[in-house]
Amino acid sequence: MINNWRNSSQFLMPAVKQKTQKGKYDIYPTHVLEDGKIYKGFESLANELIQHRTILMDGFIGVFFEDFRKNLQKYFDQKKLNVHWVDTSTALKSEAEIEKMIAPFLGGNDPLFGTRTNLNLVDFFLPEKLKSLALDKTAGLNIIYGVGAQLSEIDGLFVYIDLPKNELQYRARSKAATNLGASKADDIKPMYKRFYFVDWPVLNRHKQQVLPNTDIVIDSQRPEEITWINGSDLRNSLKTLSQNVFRVRPWFEPGAWGGNRMLKNIDGLNKDVPNYAWSFELIVPENGLVFESSGKLLEVSFDSLMFMEAQAVLGEAYEQFGYEFPIRFDFLDTFDGGNLSIQCHPQKKYTKKHFNENFTQEETYYILDTKENANVYLGFQEDIDPNEFENTLTESFKNKTEVDIEKFVLKLPVNKHDLFLIPPGTIHGSGINNLVLEISSTPYIFTFKMYDWLRLDLDGKPRPLNIQRGMENLCFDRKGDDVTEKLLAKPVLIDSGNDWQLFHLPTHKKHLYDIHRIHLQTEVEIQTENKCHVLSLVEGSSIIIETQNGVQKRFNYAETFVVPAAAGSYKITNESDNEIRIVKAFIK
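Conventions adopted
- Residues numbered from 1 in each chain as written.
- Predicted model: local features only at pLDDT ≥ 70, side-chain atom pairs only at ≥ 80, totals over all residues.
- Heavy atoms only, no water.
- Helix = DSSP H or I, 4+ residues; strand = E, 2+ residues; numbered from the N terminus.
- Rg over C-alpha atoms; globule rule 2.2 N^0.38 Å.
- Buried < 20%, exposed > 50% of the residue type's maximum accessible area, 1.4 Å probe, protein only.
- Contact = heavy atoms within 4.5 Å.
- Areas by Shrake-Rupley, 256 points an atom, 1.4 Å probe, with all protein chains shown as cover.
- Lys, Arg positive; Asp, Glu negative; His and termini not counted.
- Charge placed at Lys NZ, Arg CZ, Asp CG, Glu CD.
- Pairing = 2+ DSSP bridges.
- Core = buried A, V, L, I, M, F, W, Y, C linked by side-chain atoms within 4.5 Å.
- Patch = residues over 30% accessible without salt bridge, like charges linked within 9 Å, V, L, I, M, F, W, Y side chains within 5 Å.
- Salt bridge = Lys/Arg side-chain N within 4 Å of Asp/Glu carboxyl O.
- Axes fitted to C-alpha atoms, helices over the stretch in contact; angles between N-to-C directions.
- Parallel < 35°, antiparallel > 145°, perpendicular 65-115°, else oblique.
- Left-handed = near helix turned anticlockwise from the far one by under 90°.
- Nonpolar A, V, L, I, M, F, W, Y, C, P; charged D, E, K, R; others polar.
- Phe/Tyr/Trp six-rings, centres within 6.5 Å; stacked < 30°, edge-to-face > 60°.

Time to look at the overall build of the chain. Helix and strand content of the chain: 14 helices and 31 strands. Computed over C-alpha atoms, the radius of gyration of the chain comes to 25 Å, within 12% of the 25 Å expected from 2.2 N^0.38 for 588 residues, which places it in the range of a compact globule. For the C-alpha atoms alone, the extent of the chain along its principal axes is close to 80 × 60 × 45 Å. When burial is assessed residue by residue, the chain has 61% of its 588 residues classed as buried. Within the chain, counting contacts between residues at least 6 apart in sequence, those at least 24 apart form 78% of the total. With the model as given, the accessible surface of the chain reaches about 23500 Å², and the carbon-plus-sulfur share is 46%. Side-chain charges of the chain comprise 68 positive and 80 negative groups, with the mean position of each set lying 3 Å from the other.

Below, the structure is given as structure tokens:
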């Protein structure tokens, strides 16, 4: 076992389900399967593998394949089984060849941004070496193991070892994991850039190709306590989710400006941290889905659902987005913390040209909770001078001088349940003492920080600024009175019943999604109308969602959940004593 294999203050998800309380936010939401569908431990896996003669053991980067080999070999030795192991890494191109191949996608000296690659996993291997991965006909069992095992084109039982992306990052921070084709770990920021723009697109395409025929899927986040499921059972479970309701597993991160609202109010989180800035409620490129059977837990990446059931999940939006889930929900917590950076996000054409993303970061701030006198920064002052703004920011960066940002940027008061619109190119940033439910299109790393209050990141280094990129994307006509008129949603009552009301919170014309808010006393039936609904309980303690298929699930305050288009309809039942409010986002 690798020493110091995980660098994070966050607890490792247990292999067995813990008890949860009604009305309390659940950090490990699960989807319950029939008993006996999930298995635990290397012994049970070894007993399954020995029923076969040839195994292909593929998986994601960050998996400790050598530890897998050693742990399984112990049980094979007990059976006195002669096992021939073949490591796929011996067929990789040289590190120098791989670095040259991926260089066009890494953005040169840019510390944050590259271009999403169009490479495939086979491009990282030497064809002649893949063909030379040979079986030993005298062995009782042959195992081809490592990233890309399927590329050997050898027939056998196909096993895929998955690893949640948050756990991959924790391993990378401890230098226990490397990038694809790298011999050693780098600092986490360049590693993450390479993960995002090269490794993840390459490996996700590979996973999409192999998942329909995978025989066994393994959750390897606990290196000594794996859980696994038969591929057919996983695919059936994903199909069920795609027709009912689900919630992904959230994860939490401290940050330079982070607050204490989540720290104080969410049970099960490690409290020995400086703050929590983010909750990845539904940032699906980095979330997983957790299944439960007979108390045992198994997590697979969210993209597994999209690869198998995207059309059922997205409905009419599938034609536009394909396998990419288009909506994001996350929390920004600045309670007793700091202001976010003054920032903007790129225009759609810019995002495609420079980063090869199919759509861009189109945000809103829904104020879930706030303290007195809290604010957001949004839009420019009426008399904004773009040249003066750029020169002031540049001088501040060079000379480390403070900027009177309110000379240039509007500072607006906030109230609970306000919705601020942040289409691409809008200058913005949350102020202190807000809990923001950020509702957005899915892209999430394309933030051009332009002023960061001269503070340091948690690693003691300044966070990179992107003043020039910001200037290339800012809309300076979003200023003065136009901001409060056009960038603060004005709720409109569009439907009602005896004890419920449906409000439209109109988004900007450049937002690809729209938002409704449901006010409810008892219960109401909602039709999906072939649209995927992303929802969060923003007022009240808990609700029950029941789909037309009869599946029921409880969701608590501040939990984000998804009703796929294929669910058809669903009933919301209020379990709270008072009126509740639920926000619902969907593609226009």
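If you walk across this open sheet you meet the six strands as E9-E10-E13-E20-E15-E18, and the pairing is antiparallel. One side of each edge strand has no neighbouring strand; the edge strands of this open sheet are strand E9 (252-253) and strand E18 (419-422). Summarising the sheet, strand E10 (residues 278-282) and strand E13 (residues 327-333) pair through three bridges and their orientation is antiparallel. Each residue of the ladder has a partner; that of Leu282, found in E13, is Phe329.

Now for the nonpolar core. Leu49, Met57, Phe124 and Phe389 are the most contacted members of the largest nonpolar core, which totals 91 residues. Of the residues forming this core, the biggest block, ten residues, is contributed by helix H6 (residues 188-210). Ignoring sequence-local partners within four residues, the contact set of Met57 consists of Leu49, Phe65, Phe68, Leu72, Ile143, Ile144, Tyr145, Gly146, Ala149, Val159 and Ile161.

This part covers a negative patch on the surface. On the surface, a cluster of negative charge is contributed by Glu382, Asp383, Asp385, Asp481 and Glu485. In this fold, Asp383 is placed in the loop between strand E16 (375-380) and helix H12 (386-399).

So, on to the sheet that holds strand E12 (residues 296-301). Whether parallel or antiparallel, the strands of a sheet pair through hydrogen bonds between backbone atoms. Spatially, three strands are ordered E1-E11-E12 in an open sheet, and the strand pairing comes out mixed. Pairing within the sheet leaves two strands with one partner each, and these edge strands are strand E1 (31-32) and E12. Here six bridges tie strand E11 (residues 288-293) to E12, and the two strands are oriented antiparallel to one another. The partner of Glu292 across the bridge, within E12, is Leu297.

Below, the discussion takes up unusual backbone geometry. Among all residues save glycine, negative phi is the norm, and among peptide bonds the norm is trans. Although it is not a glycine, Ser294 adopts a positive phi angle of roughly 50°. Counting through the fold element by element, Ser294 comes out in the loop between E11 and E12. With relative accessibility at 39%, the residue Ser294 sits in the partly exposed group. The residue Lys400 is not glycine, and still its phi comes out positive at about 55°. Locating Lys400 in the fold gives a position in the loop between H12 and strand E17 (409-413).

Per the counting criterion, the structure on display carries 31 salt bridges. When the shortest N-O distance is used, the salt bridge between Asp303 and Lys165 registers 3.3 Å. With Asp303 in helix H9 (residues 303-314) and Lys165 in helix H5 (residues 165-173), the pair connects residues that are 138 residues apart, well separated along the chain. Of the two residues examined, Asp303 and Lys165, each falls in the buried class. Among the ionic pairs, Asp369 bridges to Arg261, the shortest N-O distance being 2.9 Å. With Asp369 in strand E15 (residues 363-370) and Arg261 in helix H8 (residues 261-265), this residue pair connects regions lying 108 residues apart in the sequence. Owing to a relative accessible area of 16%, Arg261 belongs among the buried residues under this scheme.

Another aspect to go through is the pairing of strand E25 (residues 523-527). Burial of the side chains of E25 is restricted to one face: Val524 and Ile526 are buried, whereas none of Glu523, Glu525 and Gln527 on the reverse face is. Of the pairings in the sheet, the one linking E25 to strand E30 (residues 569-574) comprises five bridges and is antiparallel in character. If you follow Glu525 over to E30, its bridge partner there is Lys571.

Relative to each other, helix H1 (residues 42-49) and helix H2 (residues 65-78) sit at 70°, their axes nearing to 9 Å. The angle between H1 and H2 falls in the class roughly perpendicular. Crossing of H1 against H2: the hand is right-handed. Side by side, H1 and H2 meet where Phe42, Glu43, Leu45, Ala46 and Leu49 of the first sit next to Phe68, Asn71, Leu72, Tyr75 and Phe76 of the second. Across the contact of H1 with H2, the residue classes tally to eight nonpolar, one polar and one charged.

Time to look at the packing of aromatic side chains. Going through the model one piece at a time under the given rule, you end up with 36 aromatic pairs. Ring centres of Phe302 and Phe325 lie 5.5 Å apart, and the angle between their planes is 80°; on these two criteria the pair is classed as edge-to-face. With a gap of 23 residues between them, Phe302 in the loop between E12 and H9 and Phe325 in the loop between helix H10 (318-321) and E13 connect regions that are remote in the sequence. Residue class for Phe302 comes out buried when judged on its relative accessible area of 1%.

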